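Examining the three-dimensional arrangement
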Amino acid sequence: MKIKTYKNYIDGKWISSKTNKTFFSLNPATEQPIARFQDSDDNDIELAVSAAEESFPLWRDTPAPKRAEFLFKIRDLLIQEKDRLAKLEVKEMGKVYKEAAGDVQEAIDIFEYMAGEGRRLFGRTTPSELKNKFNATIRIPIGIVGLISPWNFPIAIPSWKIAPALICGNTIIFKPSSDTPLCAIELVKIIEKSGLPKGVLNLVTGSGSKVGNPIIKHPKINGLSFTGSRETGKFIRENAGLKKVNLELGSKNAIIVMEDSNLKLALEGALWGAFGTTGQRCTAASRIIIHEKVFNKFESMFVNSAKKLKLGNGLSKTTDVGPLINKAALEKSYKYVDIGKQEGAKLLCGGEGVKGKGFFFKPTIFTNVRPNSRLAQEEIFGPIVALIKIKNIDEAIKVCNGIKYGLSSAIYTGNMQYAFRAINELEFGITYVNSSTIGAEIHLPFGGTKDTGWGKEAGWSLDEFSEEKTVYIDFSRKLQKAQGVE
């Protein structure tokens, strides 16, 4: 079968890279190539920046309600293409169909929400300390922004970045993950159909070193939004200069199960948190912190349920868990199984892959895990979960907070004191009560504390893609000096 070659999207045209090189994207369930994509470099970034620079004045000066009309069109097109995009995401990323459809729905929701912001790009007014003087702020775009997105939500997360960047009046250089470039290309094709002016959105595929680095360091790119690893986030902070930077860098999330919790409900949340998207979420629950009074019972329930989860192609209705994204992710899961055993944790189930094609790894549960062990401290990004026993709410909060990350947390309890202590004391950007660690709603801020990164995404990301400009209007017809200076 002939394999199709896809191109970059620069200045409203689909063009080949100057390198004349390509790379493959693989189906993680079959290990078969899906298509070829441009293996671009800094020369392609220069073309994209030139296009974005030229189109910026037109897009900046387009009234925000008019910019919103394009976003509403994109929303409508995404609704029409939802099933096709979800199936494509299953093929390229590997997650099960219902999760892929949810991913596309997030894109629909964020374009709709940000379109509404076209009539709500609010500034502020405040009284002046002087007579006959008016004070206000307005939102202005940053300029050209670089958007670097991951593979685990290949439709939703790019949309989380593109929609607010557009409504604020920025032009865009978009680099998707090299594991899921086709999802990004199909998203851009849909945006192109909306009639968005050429040069406003530019897509360049390729590696982090050849494409990501030039975006990070380019002097004409004024803002960056990146979702990915902590190590890359640190590199960006050290090399981006004075750009406005938004970083979402993952976590090591936990679900607390207290002695009074509804264990059946907590079990559903733990299964979804640990093994949804095969554990490949920055909000995945890779630690389950359980009160000693219910530890043995919950452990048994959790293991028995995990063993029943079915691995397979995400398009099958019987599949619960899809493959990992690539061979490196598979090898990393094996590595952490070995680490867990070496640290003295007890393997209860899983711990191995599946014979045959595909990067499948069985749902894996360790018990007797020490809170300060590598298994409990390091982000794995796979279907591996650590069970940790605690004696009381004080210890639960201490263990939960005892990591360098802080994205998502959860507590299962019927005790309001426990719940509000978790809300007030857990050092995370998100805390759920009686629900799992995953399931963001797009009109709320998404982001964390500590090494999870800087800034917020989703519904509160306007601040990331705009500057607040202060305006003074003095109508006194004389020079007035502030702070009481005569």
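In what follows, the structure referred to is the one given above.
The following refers to the structure shown. (Residues numbered from 1 in each chain as written. Predicted model: local features only at pLDDT ≥ 70, side-chain atom pairs only at ≥ 80, totals over all residues. Heavy atoms only, no water.)

1. Regarding the overall build of the protein chain
- In terms of helices and strands, the protein chain carries 13 helices and 22 strands.
- Relative to its length of 486 residues, the protein chain is compact, with a C-alpha radius of gyration of 24 Å against a globular reference of 23 Å.
- Oriented by its inertia axes, the alpha-carbon framework of the protein chain measures out at about 80 × 65 × 40 Å.
- Taken over 486 residues, the protein chain has a buried fraction of 56%.
- Taking as baseline every contact in the protein chain between residues at least 6 positions apart, the subset at least 24 positions apart corresponds to 73%.
- Carbon and sulfur atoms make up 51% of the accessible area of the protein chain, which totals about 21,100 Å².
- Counting 68 positive and 54 negative side-chain charges, the protein chain places the centres of these two groups 2 Å from one another. (Helix = DSSP H or I, 4+ residues; strand = E, 2+ residues; numbered from the N terminus. Rg over C-alpha atoms; globule rule 2.2 N^0.38 Å. Buried < 20%, exposed > 50% of the residue type's maximum accessible area, 1.4 Å probe, protein only. Contact = heavy atoms within 4.5 Å. Areas by Shrake-Rupley, 256 points an atom, 1.4 Å probe, with all protein chains shown as cover. Lys, Arg positive; Asp, Glu negative; His and termini not counted. Charge placed at Lys NZ, Arg CZ, Asp CG, Glu CD.)

2. Side note on the packing of aromatic side chains
- Under the defined criterion, the tally for this structure stands at nine aromatic pairs.
- Between Y334 and F361, the aromatic rings sit 5.1 Å apart at their centres with planes inclined by 90 degrees, giving edge-to-face as the arrangement. With Y334 in helix α10 (residues 327-342) and F361 in the loop between β14 (346-349) and β15 (364-367), this pair connects stretches of sequence that are 27 residues apart.
- Note on Y334: relative accessible area 36%, which makes it partly exposed.
- A residue is classified by how much of its surface remains accessible, and F361, at 0% relative accessible area, is buried.
- Among the aromatic residues, ring-to-ring pairing joins Y6, F23 and F37 into one connected group.
- Positioned over the ring face of F70 is K73, at 5.7 Å from the centre of the ring.
- The aromatic ring of Y472 is capped on one face by K133, whose charged end is 4.6 Å from the ring centroid. (Phe/Tyr/Trp six-rings, centres within 6.5 Å; stacked < 30°, edge-to-face > 60°. Lys NZ or Arg CZ within 6 Å of the ring centre and 35° of its normal.)

3. Topic: unusual backbone geometry
- In this structure, T277 is a non-glycine residue whose phi angle is positive, near 55 degrees.
- Here T277 shows up in the loop between α8 (263-275) and β13 (285-291).
- A relative accessible area of 2% means that T277 is categorised as buried.
- Backbone geometry at A458 places phi at a positive 65 degrees, although glycine is not the residue there.
- Secondary-structure assignment places A458 in strand β21 (residues 457-458).

4. Some words on helix α5 (residues 181-193)
- Spanning 13 residues, α5 covers 19 Å between terminal C-alpha atoms, matching the ideal 18 Å at 1.5 Å per step.
- With respect to burial, α5 is a largely interior element, 10 of its 13 residues being buried.
- For α5, the full list of buried residues reads P181, L182, C183, A184, I185, E186, L187, V188, I190 and I191.
- Backbone geometry just after α5 places G195 at a positive phi near 90 degrees. (Expected span 1.5 Å × (residues − 1).)

5. Observations concerning the sheet that holds strand β5 (residues 125-126)
- Ordered in space as β5-β6-β22, the three strands form an open sheet in which the pairing is antiparallel. Two strands close off the open sheet at either side, each with one partner strand: β5 and β22 (466-474).
- Where β5 and strand β6 (residues 133-141) come together, two bridges link them in antiparallel fashion. Across the sheet, T125 pairs through a bridge with A136, a residue of β6. (Pairing = 2+ DSSP bridges.)

6. What about the pairing of strand β16 (residues 384-390)?
- Counting buried residues in β16 gives six out of seven residues, a clear majority hidden from the surface.
- Sheet analysis places β13 next to β16, joined by five bridges and oriented parallel. Across the sheet, the residue bridging to I290 is K389, located in β16.
- Both β15 and β16 contribute to a ladder of three bridges, which runs parallel. Of the residues in β16, the one forming a bridge with T364 is I384.

7. Description of helix α12 (residues 393-401)
- Here α12 has its buried residues at I393, A396, I397, V399, C400 and N401.
- Elements that come into contact with the buried residues of α12 comprise β12 (253-257), β13, β16, β17 (408-412) and α13 (416-425).
- Between the side-chain oxygen at the start of α12 and the backbone nitrogen of D394 there is a gap of 3.2 Å, and the oxygen is on N392. (Polar contact = N/O pair within 3.5 Å; in protein donor to acceptor, adjacent residues only side chain to side chain.)

8. Structural notes on the environment of G123
- When you line up the elements, G123 lands in the loop between α3 (97-116) and β5.
- Here G123 falls in the partly exposed class, since its relative accessible area comes to 35%.
- Sequence spacing of G123 and T137 is 14 residues, and the spatial spacing of their C-alpha atoms is 4.9 Å.

9. A short note on the side chain of H291
- Relative to the elements of secondary structure, H291 occurs in strand β13.
- The exposure class assigned to H291 is buried, which follows from its relative accessible area of 4%.
- In this view, H291 contacts V257, M258, E259, I390, K391 and N392; residues no more than four positions away in its chain are not counted.

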